[in-house]
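Working through the structure, step by step
As a plain string of letters, each chain reads:
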Amino acid sequence: MTKPVLVLGAGPAGLAAAHALASVGQPVVLVDKESKLGGAPIISGYAKLVPSGEWARDAIGGMVRRVEENSLVSIRMNARVEAFEGEPGNFKARLSDGSSVEAGAAILCTGFTHFDSVNKPEWGFGTFPDVVTTTQVEQMISSGRGVRCPSDGRKPQRVAILLCVGSRDRQIGREWCSKICCTVSCNIAMEIREELPDCHVYIYYMDIRTYGLNETYYWKSQEEFKVKYIKARIAEVTSDGQKLIVKGEDTLVKRPITIPFDMVVHAIGMDPNVENKSLAQVFGVNLQEHGHIARGSYGASGQTSRAGVFVAGAATGPETIDDSIAQGNAAAMAAYALANRKDAVAA
Ligand SMILES: Cc1cc2nc3c(=O)[nH]c(=O)nc-3n(C[C@H](O)[C@H](O)[C@H](O)COP(=O)(O)OP(=O)(O)OC[C@H]3O[C@@H](n4cnc5c(N)ncnc54)[C@H](O)[C@@H]3O)c2cc1C
Ligand code: SF4
């Protein structure tokens, strides 16, 4: 019988890959370091997803259940891979829980790490409690608590959302665009306005990248929800003791701005997984220049630099959920073809 395919990481990409493999009869061992499945949308408690509008717990929760209920998928939680040896069709992985797994191929779906806003100290995170991240606002909404100032629990009357925090910032070594944070921010702005109709919400941007059909979020947020957009360079976020003060330059009219707010939200980007160096060592794969797991050319879906080891989703760079799922499915197809080749040697 064919050896299972090892899928590492049970976020949207890994869940899609595991389900695709199991649905064509291929056994899977799905390993995740966390104690629950679902990746960032579940572990970080996202609220309603873009562009589907579905709650993360329903949409991604459904993907989790589909995999949990499939007898061809063996799930190992709270586990990492410590060693991975062998060749296509005949790999052996040693897990941190002491067990070992024989596998015909592996798919790395190990995702990303949220940018830590303390790396942008001039924008006030970690200094002022009412400077928060999009992830924190997602959690306020998904928990049902509503959007409140962490310092004293009051409803904010003025909220600023700062885009590109930890993305498109060469000064701190992050020149990539994180792709999804513009649309997520438009959505969060509308959710705040819906819950708190008296609250004024401003989005400070360099460029708006609500690409493709996501442009709807940009227009709807302005026309229906009266969210205000200001093209600006933000210099710093300080406090006058009462309010947070956002300082910078309005780059359209080329004038300095100093504006008070109750809450400032950092639209944080997607860093490479902090574990990528050790993952690259264990699996013998190359990283690309920014530290994401490097993909081969177009020919083989998700092929890494090591034959028989594939990669999908945000492990390869900032990706949306839709694209992570598509890549998970494509890598599953490539891994299946390889694991079921009688003379399996290379992709
Ligand atoms: C604030 C915010 C909001 C977002 N909202 C949306 C949205 O509404 N719509 C959208 O399309 N996208 C959204 N995204 C992007 C979305 O989070 C990603 O597209 C998606 O999570 C990528 O899925 P993934 O499976 O590739 O990675 P992840 O979701 O990061 O999952 C990776 C999995 O691998 C596991 N893992 C990591 N390292 C190891 C290891 N060494 N060993 C074992 N397991 C490991 C993790 O525990 C995790 O379960 C948002 C991003 C941010 C930052
Ligand atoms: S998607 Fe928008 S907020 Fe995110 S990095 Fe790109 S331009 Fe900045």
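Residues numbered from 1 in each chain as written. Chains lettered and ligands numbered in written order. Predicted model: local features only at pLDDT ≥ 70, side-chain atom pairs only at ≥ 80, totals over all residues.

So, on to the overall build of the chain. Scanning the chain from terminus to terminus reveals eight helices and 17 strands. Relative to the globule expectation of 20 Å for 347 residues, the C-alpha radius of gyration of the chain, 22 Å, shows essentially globular dimensions. Dimensions of the chain, computed from C-alpha atoms along their principal axes, come out at roughly 65 × 40 × 35 Å. Considering only contacts within the chain whose residues lie at least 6 apart along the sequence, 65% involve residues at least 24 apart. (Helix = DSSP H or I, 4+ residues; strand = E, 2+ residues; numbered from the N terminus. Rg over C-alpha atoms; globule rule 2.2 N^0.38 Å. Contact = placed C-beta atoms within 7 Å.)

Two modes of strand pairing occur in sheets, parallel and antiparallel, and in both the strands are linked by backbone hydrogen bonds. Within the open sheet, the five strands sit side by side as β3-β2-β1-β7-β17. Their pairing is parallel. The open sheet has two edge strands with one neighbour each: β3 (73-76) and β17 (309-311). Here the average twist between neighbouring strands, direction ignored, is 20°. Direction of pairing for strand β7 (residues 105-108) relative to β17: parallel, over a ladder of three bridges. Within β17, the residue paired with A106 across the bridge is V309. Each of β1 (5-8), β2 (28-31), β3 and β7 is contacted by helix α1 (residues 12-23), which is oriented at about 165° to β2, the strand it contacts most. (Pairing = 2+ DSSP bridges. Axes fitted to C-alpha atoms, helices over the stretch in contact; angles between N-to-C directions.)

The domain boundaries assigned to the chain delineate domain 1 (5-111 + 273-339) and domain 2 (117-270). Between domain 1 and domain 2, the residue contacts involve 14 residues of the former and 18 residues of the latter. When the residues that make up the side of domain 1 that touches domain 2 are grouped by side-chain class, the tally is seven nonpolar, five polar and two charged. (Domains from an automatic or database assignment. Nonpolar A, V, L, I, M, F, W, Y, C, P; charged D, E, K, R; others polar.)

Close contact between helix α5 (residues 181-195) and helix α6 (residues 215-223) brings their axes to 9 Å; oriented N to C, the two are set at 30°. Between α5 and α6, the interaxial angle falls into the category roughly parallel. Here the hand of the crossing between α5 and α6 comes out left-handed. Counting all contacts with α5, which are made through T183, C186, N187, A189 and M190, the residues of α6 involved are Y217, Y218, K220 and S221. Of the residues belonging to the contact of α5 with α6, the class tally is five nonpolar, three polar and one charged. (Parallel < 35°, antiparallel > 145°, perpendicular 65-115°, else oblique. Left-handed = near helix turned anticlockwise from the far one by under 90°.)

On to the sheet that holds strand β9 (residues 131-133), then. Pairing is mixed in the open sheet, where seven strands are placed in the order β9-β15-β10-β11-β12-β13-β14. A strand with exactly one partner marks an edge of an open sheet, and here the two such strands are β9 and β14 (255-261). Each neighbouring strand pair of the sheet contributes to a mean axis angle of 40°, computed without reference to strand direction. Note: β9 against strand β15 (residues 263-268), three bridges, orientation parallel. Note on β15: the bridge partner recorded for T133 is H266.

Taken together, 41 residues sit near ligand 1, with G9, G11, G39, G111 and G313 positioned nearest. Taken together, the residues of the shell around ligand 1 sort by class into 20 nonpolar, 13 polar and eight charged. Looking at which domains feed residues into the shell around ligand 1, each of domain 1 (5-111 + 273-339) and domain 2 (117-270) supplies at least three. (Near = placed C-beta within 6 Å.)

Core analysis: the biggest nonpolar cluster contains 101 residues, and A17, A106 and I107 have the highest contact counts within it. Among the elements that make up this core, the one with the highest residue count is helix α8 (residues 321-339) (nine residues). Lining this core are residues from two domains, each supplying at least three of them: domain 1 (5-111 + 273-339) and domain 2 (117-270). (Core = buried A, V, L, I, M, F, W, Y, C linked by C-beta atoms within 7 Å. Buried ≥ 20, exposed ≤ 12 C-beta atoms within 10 Å, placed from the backbone.)

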